[in-house]
Amino acid sequence: MPDLFTVLADPSRRRILDTLRGSEGLLVKELVAALGLTQPNVSKHLRVLRTAGLVAETAERQGRRYRLRPEALREMDDWLRPYRAFWTSRLDDLGDYLDSTRPHERPQP
């Protein structure tokens, strides 16, 4: 399975996931129309996303329908959780420091 960070580094793949996020699934031709990319380009990116487990496909009479598989993103979210906590704490400390160094405003007579 490809590394999720490598897969998500491509802006076109992120746009595909963003587009799929708001739907129950889209046909390739619908993705092409929504993204303004060529059909071969969309298909290439969908293949990478499918291999990474980020999208699932089903065959229909009109073509293949793709939908987001959030399970793979949950794994990434679990990995990122301690880093978010780290940065939240550091940013809170920075905010406290900045608040303590601001000159106190004095009322004007």
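Everything numeric in this text was worked out from a predicted model, so none of it was measured. (Residues numbered from 1 in each chain as written. Predicted model: local features only at pLDDT ≥ 70, side-chain atom pairs only at ≥ 80, totals over all residues. Heavy atoms only, no water.)

Attention now goes to the pairing of strand 2 (residues 55-60). Sheet topology places strand 2 next to strand 3 (residues 63-68); six bridges connect them, and they run antiparallel. Across the sheet, Val55 pairs through a bridge with Leu68, a residue of strand 3. (Pairing = 2+ DSSP bridges. Helix = DSSP H or I, 4+ residues; strand = E, 2+ residues; numbered from the N terminus.)

Time to look at the sheet that holds strand 1 (residues 26-27). The antiparallel open sheet is built from three strands, whose spatial order is 1-3-2. Where the open sheet ends on each side, the last strands, each with one partner, are strand 1 and strand 2. Of the strand pairs in this sheet, strand 1 and strand 3 are connected by two bridges, and their pairing is antiparallel. Bridging across to strand 3, Leu27 finds its partner in Arg65.

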